[in-house]
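Structure assessment
Below are the chains, spelled out letter by letter.
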Amino acid sequence: QVQLVESGGGSVQPGGSLRLSCAASGSSSSTSRLGWYRQTRGVQRELVVTITRSGSTTYGDSAKGRFTISRDNAQNTVYLQMNSLKPEDTAVYYCNAWTGLEDYWGQGTQVTVSS
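Residues numbered from 1 in each chain as written. Predicted model: local features only at pLDDT ≥ 70, side-chain atom pairs only at ≥ 80, totals over all residues. Heavy atoms only, no water.

**Considering the overall build of the protein**
What counts here: Secondary structure counts use DSSP, requiring at least four H or I residues in a row for a helix and at least two E residues in a row for a strand, with both numbered from the N terminus. The cut-offs for exposure are 20% and 50% of the maximum accessible area for each residue type, with area from a 1.4 Å probe on protein chains only; residues under the lower value are buried, those over the upper are exposed, and the others partly exposed.
A count of helices and strands for the protein gives 0 helices and 11 strands. When its helices and strands are written in sequence order, the protein yields β-β-β-β-β-β-β-β-β-β-β. Projected onto its principal axes, the C-alpha positions of the protein cover 40 × 25 × 20 Å. The 115 residues of the protein split such that 40% are buried.

**Topic: the environment of Leu 80**
Here is the rule we go by: Any two residues whose heavy atoms approach within 4.5 Å are treated as being in contact.
With respect to the helices and strands, Leu 80 occurs in strand E8 (residues 77–82). Leu 80 sits 72 residues away from Gly 8 along the chain, and the two C-alpha atoms are 9.4 Å apart. Residues within four places of Leu 80 in sequence aside, it is in contact with Leu 18, Arg 19, Leu 20, Trp 36, Val 48, Val 49, Phe 67, Thr 68, Ile 69 and Tyr 93.

**Description of the packing of aromatic side chains**
Geometry of an aromatic ring pair is reported as the spacing of the ring centres plus the angle between the planes. What counts here: Two rings from Phe, Tyr or Trp (for Trp, the six-membered ring) form a pair when their centres are within 6.5 Å of each other. A pair whose planes differ by under 30 degrees is stacked, one over 60 is edge-to-face, and the rest are tilted. A ring has a charge above it when a Lys NZ or an Arg CZ is no more than 6 Å from the ring centre and no more than 35 degrees off the ring normal.
A full pass over the atoms with the stated rule returns 1 aromatic pair. A centroid spacing of 5.2 Å and a plane angle of 70 degrees characterise the contact between Tyr 37 and Trp 105, whose relative ring orientation is edge-to-face. Within this pair, whereas Tyr 37 is found in strand E4 (residues 33–39), its partner Trp 105 is found in strand E10 (residues 103–105), the two being separated by 68 residues in sequence. Residue Tyr 37 is classed as buried on the basis of its relative accessible area of 18%. Note that Arg 19 overlies the ring of Tyr 79, its terminal NZ or CZ placed 4.2 Å from the centroid. Geometry around Tyr 94 places Arg 45 over its ring, the cationic atom sitting 3.8 Å from the centre.

**Examining the pattern of salt bridges**
For clarity, the threshold we go by: Here, a salt bridge means any Lys or Arg side-chain nitrogen found within 4 Å of an Asp or Glu carboxyl oxygen.
The tally for this structure, following the rule as stated, stands at 4 salt bridges. The partner of Glu 46 in a salt bridge is Arg 38, with the nearest N and O atoms 2.6 Å apart. According to the relative accessible area criterion, Glu 46 is partly exposed, its value standing at 33%. A relative accessible area of 6% places Arg 38 in the buried class. Residue Asp 61 pairs with Lys 64 through a salt bridge whose shortest N-O separation is 3.2 Å.

**So, unusual backbone geometry**
Even without a glycine there, the phi angle at Asn 76 is positive, about 50 degrees. If you trace the backbone, Asn 76 turns up in the loop between strand E7 (67–72) and E8. Although it is not a glycine, Ser 84 sits at a positive phi angle of roughly 50 degrees. By the secondary structure assignment, Ser 84 is in the loop between E8 and strand E9 (91–98). Under the relative-accessibility criterion, Ser 84 is labelled partly exposed at 41%.

As structure tokens, this is what we get:
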């Protein structure tokens, strides 16, 4: 079992920045890949970005060039730095952990980009 706790969501104006954090606990040593997905109402959850223990990243198209993921393996924490935010980035952002066998999800944190 892996527990994920997200923090750092909120409201920001277009062009602003936010930093999300996700702390993994439980059997967190088995998390081979951590990452972020997002979902808006009525839309399928989409990939934002993932990162493996070795630091290999996979970015979704919406995040390329604006968002940066980082990972602290010692703290079992993953961060998402989001810059140049746009209204279309408004969504619930979910932390994800993949153990190689199972997916785990955080409770989600709301990000709202609006003027």
